[in-house]
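Read off the chains here:
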Amino acid sequence: MIKLENVTKYFITKEGKKYILKDMSIDIPSHTNIGILGRNGAGKSTLMRMLGHIEFPNKGTITSDHNFSWPLGLSGGFVGNMTGRANVRFVCRLYGRTKEQTNEIIEYVKEFSELEDYFDMPIKTYSSGMRGRLSFGLSLAFDFDYMLIDETLSVGDARFKKKAKEHLMKKIENCNIILVSHEMNTLKELCNAGIVLNKGQMVYHNDIISAIEDYENINKKGK
Amino acid sequence: MTARKPLNIFFAVQKALFLRELSMRFSMSKTGIFWTFFEPFMQVFIMVLIKVLLFGNSNTNLDFVAFLALNFTAFNMFRNILSKSMGAFAGNKALFVYKQVKPIDTIISRVIVEVFMTSIIIIAFIILGTYFGNDLDVKNLPMVVVGFLWLIVFSFSFGLFIAVVDTFYSSVGKTINIIMSLAMFFSAVFYTVDMLPIEAQSIVLYNPLTHFIEMIHGYYFYALDDKYVNYDYIMLWTITLLYAGLWFYKRLEERIISL
């Protein structure tokens, strides 16, 4: 279970405080794959970062006895001056992997990401798609209770997307995902439940279909 | 995934960060590596040259070359820890997506790297000094080591404090840079406090770094002593900076992570 207690999160803008969450208390049940929906700027990524403990509420607490991956996005988590290989090795060390495990992970990520020679080039020479592939492959090599995925499924060409989705489907037999996406089909395919973020409120739907309907209603009203 | 103990996580993070910093140093620019090791030799060489040109080759009990090498090593270590600490948060921002990497870890690992580099430079100086027949006899080795260790704690405290404050008020870092560019002249690096006129002594003794360098060379050389060192004074500096650094850090840690 993920427990949010009186969580308030805001950003200070020129027009004053902009609330992402306003005094929200909610229990999110375990063992479901959750899609996060909301309009641009509603705070989907911020919520995800808060779940991953790299962003913090202004008030209240978020507690859970599960472990979360780092948020898988297109950009973060890599050091530009280091090669892909060095970055993978670094993350393995962070997670306390042994030398043998590390070498296995490196081989796996190299093969999965299809970076070939670029794997031994500095990350700053990568295109954003290449970064996404590396980041996605790396995350598949670790086991988490929840994988936090921020739109990374759209990296690469059609063939790679298909492969990524297959690997992810296999992965979520043993773990859960929290997914931010604007693609309703992806959400329907991967998630059972949904969270809709709107104007400082978050609503949990047991069923992703009803979450999508809710979100579409908000969109209609917005227009 | 089995839960790891906080201390195990800390060591894993430190190991990862240390190896990363080292490989970045050694792979990024060859000139950077060259200067890391060449700069201290250059400093000593230039200062010896200036002294010989200005004052001639006076015969004292003090081996001036060894004296300079020791002082520059200690001073450079302080200066480098400070400047590397200031850049630690911004330079490692990308790593904060891994929740086990806390901002303070990046400072600790940079301090460890600097201490490591300093050790290599010390070894290089000892080899060269032995080769050229310099007088490297140590009067009180344990106290020299204590001096260095204390200086490391002081540098870390100073670095942490400045890094946290600089994150929110960037003019602090700029001010420190200006001060540091002059600090070498006020830190008993190429003289001892004893050599100065009394008025000048009272001024340089406000500088805590002067006390550290006086302590280190006072215990190293038979010809020198530590009579100008005020241990209470540097203890007060160390404790105040360490406490203030940790206090501000603790309060602002979450904001630094989500910068």
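About the cut-offs
- Residues numbered from 1 in each chain as written.
- Chains lettered and ligands numbered in written order.
- Predicted model: local features only at pLDDT ≥ 70, side-chain atom pairs only at ≥ 80, totals over all residues.
- Helix = DSSP H or I, 4+ residues; strand = E, 2+ residues; numbered from the N terminus.
- Rg over C-alpha atoms; globule rule 2.2 N^0.38 Å.
- Contact = placed C-beta atoms within 7 Å.
- Nonpolar A, V, L, I, M, F, W, Y, C, P; charged D, E, K, R; others polar.
- Domains from an automatic or database assignment.
- pLDDT = per-residue confidence, 0-100.
- Expected span 1.5 Å × (residues − 1).
- Bend = angle between axes of the 7 residues up to and from the residue.
- Buried ≥ 20, exposed ≤ 12 C-beta atoms within 10 Å, placed from the backbone.
- Pairing = 2+ DSSP bridges.
- Axes fitted to C-alpha atoms, helices over the stretch in contact; angles between N-to-C directions.
- Core = buried A, V, L, I, M, F, W, Y, C linked by C-beta atoms within 7 Å.
- Parallel < 35°, antiparallel > 145°, perpendicular 65-115°, else oblique.
- Left-handed = near helix turned anticlockwise from the far one by under 90°.
- Arc of directions from axis to C-beta.

**Looking at the overall build of chain A**
- Within chain A, the secondary structure is distributed over 7 helices and 8 strands.
- In terms of overall dimensions, chain A is globule-like: its C-alpha atoms have a radius of gyration of 18 Å, near the 17 Å expected for 223 residues.
- Oriented by its inertia axes, the alpha-carbon framework of chain A measures out at about 50 × 35 × 35 Å.
- Long-range contacts, defined as pairs at least 24 residues apart, comprise 65% of the intrachain contacts of chain A with a sequence gap of at least 6.

**Details of the interface of chain A and chain B**
- Contact residues are listed per partner, giving 21 residues for chain A and 22 residues for chain B.
- Counted by class, the side of chain A that touches chain B contains 11 nonpolar, 7 polar and 3 charged residues.

**Remarks on the domain arrangement of chain A**
All names here are of chain A.
- Under the domain assignment used here, chain A contains domain 1 (1-69 + 144-223) and domain 2 (77-143).
- Between domain 1 and domain 2, the C-alpha centre-to-centre distance is 25 Å.
- Counting residues at the interface gives 11 residues for domain 1, matched by 9 residues for domain 2.
- For the side of domain 1 that touches domain 2, the leading source of residues is helix 5 (residues 158-171), giving 4 residues.

**Quick word on the confidence of the model for chain B**
- Predicted confidence across chain B gives a mean pLDDT of 91, with 97% of residues reaching 70 or more.
- Our summary of model confidence lists the complex with pTM equal to 0.89 and ipTM equal to 0.84.

**Let's talk about helix 2 (residues 30-55) of chain B**
Residues and elements named next belong to chain B.
- With 26 residues, helix 2 extends 37 Å between its outermost C-alpha atoms, agreeing within 8% with the 38 Å of an ideal straight helix rising 1.5 Å per residue.
- Approximately 40° is the largest bend angle found in helix 2, and it occurs at Phe38, with the proline Pro40 only one to four residues beyond.
- Listed in full, the buried residues belonging to helix 2 are Pro40, Gln43 and Val44.
- Against the buried residues of helix 2 lie helix 3 (64-91) and helix 4 (103-131).
- Count one or two residues on from helix 2 and you reach Gly56, which has phi positive near 75°.

**Comments concerning the pairing of strand 5 (residues 146-150) of chain A**
Residue and element names in this part refer to chain A.
- Among the 5 residues in strand 5, 5 count as buried, and that is most of the element.
- In strand 5, alternate side chains face the same way, and those of Tyr146, Leu148 and Asp150 on one face and Met147 and Ile149 on the other are all buried.
- The sheet contact formed by strand 5 and strand 6 (residues 176-180) spans 5 bridges and is parallel. In the sheet register, Ile149 faces strand 6, and the bridge partner there is Leu179.

**Concerning the sheet that holds strand 1 (residues 2-13) of chain A**
All names here are of chain A.
- Spatially, 3 strands are ordered 2-1-4 in an open sheet, and the strand pairing comes out antiparallel. The sheet is open, and its two borders are formed by strand 2 (16-28) and strand 4 (59-64), each paired with just one other strand. Across this sheet, the average inter-strand angle for adjacent strands is 25°, counted without regard to direction.
- Bridge count between strand 1 and strand 4: 5 bridges; the pairing is antiparallel. Looking across to strand 4, one finds that Leu4 is bridged to Ile62.

**Description of the sheet that holds strand 3 (residues 34-38) of chain A**
Residue and element names in this part refer to chain A.
- The mixed open sheet is built from 5 strands, whose spatial order is 5-6-3-7-8. Looking at strand neighbours, the two that pair on one side only are strand 5 and strand 8 (201-205), the edges of this open sheet. Shown here is a sheet whose adjacent strand axes are inclined to one another by a mean of 15°, direction ignored.
- In the sheet, strand 3 pairs with strand 7 (residues 193-198) via 5 bridges, with the strands oriented parallel. Residue pairing for strand 7: Ile34 is matched across the bridge by Ala193.

**Topic: unusual backbone geometry**
All names here are of chain A.
- Positive phi values are uncommon outside glycine, yet Asn6 reaches one of about 45°.
- Along the chain, the position of Asn6 falls in strand 1.
- Look at Glu116: it is not a glycine, yet its phi comes out positive at around 55°.
- In this structure, Glu116 sits in the loop between helix 3 (99-113) and helix 4 (128-140).

**Remarks on the nonpolar core**
- By size, the foremost hydrophobic cluster in this structure holds 116 residues, and its most contacted members are A:Ile36, A:Leu148, A:Ile178, A:Leu179, B:Ala74, B:Phe212 and B:Ile216.
- Broken down by element, the residue count for this core peaks at 15 residues, all from helix 3 of chain B.
- Domain assignment of the residues forming this core places at least three in each of domain 1 (1-69 + 144-223) and domain 2 (77-143) of chain A.
- In this structure A:Leu179 touches A:Gly35, A:Ile36, A:Ile149, A:Leu187, A:Leu190 and A:Cys191, once residues within four positions along its chain are discounted.

**Remarks on the packing of helix 3 of chain B against helix 5 (residues 141-168) of chain B**
Residues and elements named next belong to chain B.
- One can describe the packing of helix 3 onto helix 5 by two numbers: an axis separation of 8 Å at closest approach and a directional angle of 30°. Between helix 3 and helix 5, the angle is such that the two are roughly parallel. Every pair of crossing elements has a handedness; the one defined by helix 3 and helix 5 is right-handed. Only Phe148, Leu151, Ser155, Phe156, Phe158, Gly159, Leu160, Ile162, Ala163, Asp166 and Thr167 of helix 5 make contact with helix 3, whose side of the interface consists of Ala74, Met77, Phe78, Ile81, Leu82, Ser85, Met86, Ala88 and Phe89.
- When its residues are assigned to classes, the contact of helix 3 with helix 5 shows 15 nonpolar, 4 polar and 1 charged.

**Some thoughts on the environment of A:Lys99**
Residues and elements named next belong to chain A.
- On the secondary structure map, Lys99 appears in helix 3.
- Overall, Lys99 belongs to the exposed group, with 10 C-beta atoms counted inside 10 Å.
- On a C-alpha basis, the gap between Lys99 and Lys220 in space is 54 Å, while along the polypeptide they are 121 residues apart.

**Side note on helix 3 of chain A**
All names here are of chain A.
- The end-to-end C-alpha distance of helix 3 is 21 Å, a good match for the 21 Å that 15 residues give at a rise of 1.5 Å each.
- For helix 3, the complete set of buried residues consists of Ile105, Val109 and Ser113. Buried residues along helix 3 cover an arc of 45° about the axis, so they all sit on one side. Of the exposed residues in helix 3, the ones pointing more than 90 degrees away from its buried face are Lys99, Glu100, Glu107 and Glu111.
- At its buried positions, helix 3 is contacted by helix 2 (84-94) and helix 4.
- Positive backbone phi, approximately 55°, marks Glu114, located one or two places after helix 3.

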